[in-house]
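Residues per chain, in single letters:
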Amino acid sequence: MQTLRSLEALEREGLVAPDPRLEAAAQSMAIALTPEMAALIDRAGLASDPIARQFVPSARETEIAREELADPIGDEARSPVKGIVHRYPDRVLLKPLHVCPVYCRFCFRREKVGPGSEALSAEELAAALAYVRDRPEIWEVILTGGDPLMMSPRRLADLIASLDAIDHVAVIRIHSRVPIVDPGRVTDEVVAALKPRRVPVWLAVHCNHARELAPVTRAALARLADAGIPLMGQTVLLAGVNDDAATLEQLMRALVSARVKPYYLHHPDLVRGTGHFRVSIARGQALMAALRGRLTGLAQPTYVLDVPGGHGKVPIGPAYLGDDPDALTVRDAFGETHRYPL
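Keep in mind that what you see is a predicted model, and the values were worked out from it rather than measured.

### Digging into the pattern of salt bridges
No. 1: According to the stated counting rule, one finds 21 salt bridges in the structure shown.
No. 2: The closest approach of N and O atoms between R87 and D75, which form a salt bridge, is 2.9 Å. Here R87, found in strand β1 (residues 84-88), pairs with D75, found in the loop between α4 (50-55) and β1; they are 12 residues apart in sequence, far enough to count as distant.
No. 3: Overall, the relative accessible area of 16% leaves R87 in the buried class.
No. 4: Through salt bridges with shared partners, a single network forms among D75, R87, K95 and R109.

This is the structure in C-alpha cells:
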C-alpha cells in the first residue's frame, strides 16, 4: 500500500463513505495517511478508532466556531523573516519546509502545510540562517514545519551543519512525526545527519496513542536512541483519541519503555474546524491530577496551553496548594489534603 492521499483512496480502503461534506473538509487541508498508520486502524470500530480520528477527514471540519483562528498560536506576528518564528528571547523556530508524512486533522498549521507548500529557497534559507547568526542571544534552534525529517538526508545534514557552525547556538531541537508514522524513513543516513560535531540534537516525536508505537516504530526509536540522540514525546490532548486517564497512562508508559521522555501534553489549539477534538481545560487538569497518582515522575508530561496570539506556552496543570493565607494546605497525588507550615 502507498500513502493514501485522497478521499477516493480512503474510500477504496473502506475508511470513509461518500459524503459531499467531506469534499469541503478535504479541500481545507491535505490528506496523507501512511501504510503504517492505516494498518493500525480497526475497521470494525472505525467510528471510534483513535488512529482514524487523527488522520481521516471528518465532515465536522466544516463547522467553524467564532473563536477559531487561521493562525491560532500567532506564528505570523512573530516571524521577522520567512521561515523564522522568534517568540522567546533565547530560541527560534526554523521551518525549512511545510510537508509532512501524514496530515493530522487537528494540526495548528493545517492551513499552511501540504504538498503544494513551498520549501524555503536557498536564498530564503540563507536569510533565515543569517538571522540566527546575527543574534547571539539565540541559544536554541527548533527545526519544525512541516516535518524536518521529510528533507533528504543530505539537505538535513547540511542544515544541521550550518547551525552547528554558529558558535552561540548550543542546542538544536527537531520536532517530527516521522519516527512514529513513517519509521522506514529513519535510515542510517538520517541518523548520521542528526549527529553534528559540536551541538547536541534533541528529537521531539509526536505521538498521541499507545497503538502508534508498533514494533517497527519502536525499532526506529531504538535506532535513534542507540545513536545517542535524546528523545522527548509531545502529545496533544484530543477528544475521542486520548482524553481519559487510562489511555494517557498507557501512552506515557509506552513512550518511556521506548526511551522517549514525555515532555508536553498540549491543550488543543483554537484551530478552525477542530472543535470536535477539543476538551475543556478543567477536564485536562482532572486528567493530569489522575496521572499524578498513577505514574512515575519520569512519565509525567507538562500540560501546556499555547496562548492565542503568539504569546507563548504556559503550564496549566492542576493546583496542589490551597489558597487559605492562614493555613497552607497541600493536596497529595491521591487527592488527600494536608496542612503544611507557612
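### What about the packing of aromatic side chains?
No. 1: Inspection of every chain in the model, using the stated rule, returns two aromatic pairs.
No. 2: Centroid distance F106 to F277: 5.6 Å. Interplanar angle 75°. Geometry classified as edge-to-face. Pair noted here: F106 is in the loop between β2 (91-94) and α5 (122-133) and F277 is in the loop between β7 (261-266) and α11 (281-292), with a separation of 171 residues, a long-range link. The burial state of F106 is the same as that of F277; both residues are buried.
No. 3: With centroids separated by 4.1 Å and ring planes inclined at 20°, the aromatic side chains of Y263 and Y264 adopt a geometry described as stacked.
No. 4: The ring centre of Y88 lies 3.9 Å from the NZ or CZ of R91, which sits over that ring.
No. 5: The ring of Y131 is capped by R135, whose NZ or CZ atom sits 3.7 Å from the centre of that ring.

Procedures and definitions
- Residue positions are given per chain, counting from 1 as you read along its sequence in written order.
- The model is predicted, so local features are restricted to residues of pLDDT at least 70 and side-chain atom pairs to those at 80 or more, both for listing and for counting; the totals for chains, interfaces and linings are taken over all residues.
- Only heavy atoms go into the side-chain values, all of them from the structure, while hydrogens and water stay out.
- By definition, a salt bridge exists where a carboxyl oxygen of Asp or Glu is found within 4 Å of a side-chain nitrogen of Lys or Arg.
- Put simply, DSSP marks the helices as runs of H or I at least four residues long and the strands as runs of E at least two long, and each gets a number from the N terminus on.
- Three exposure classes are used, based on accessible area relative to the maximum for each residue type with a 1.4 Å probe and protein chains only: buried under 20%, partly exposed in between, and exposed over 50%.
- Classification of ring pairs rests on two measures: the distance between centres of Phe, Tyr or Trp rings, Trp counted by its six-membered ring, which must be within 6.5 Å, and the angle between planes, read as stacked under 30 degrees, edge-to-face over 60 and tilted in between.
- Any Lys NZ or Arg CZ that is within 6 Å of a ring centre and within 35 degrees of that ring's normal is treated as a charge sitting over the ring.

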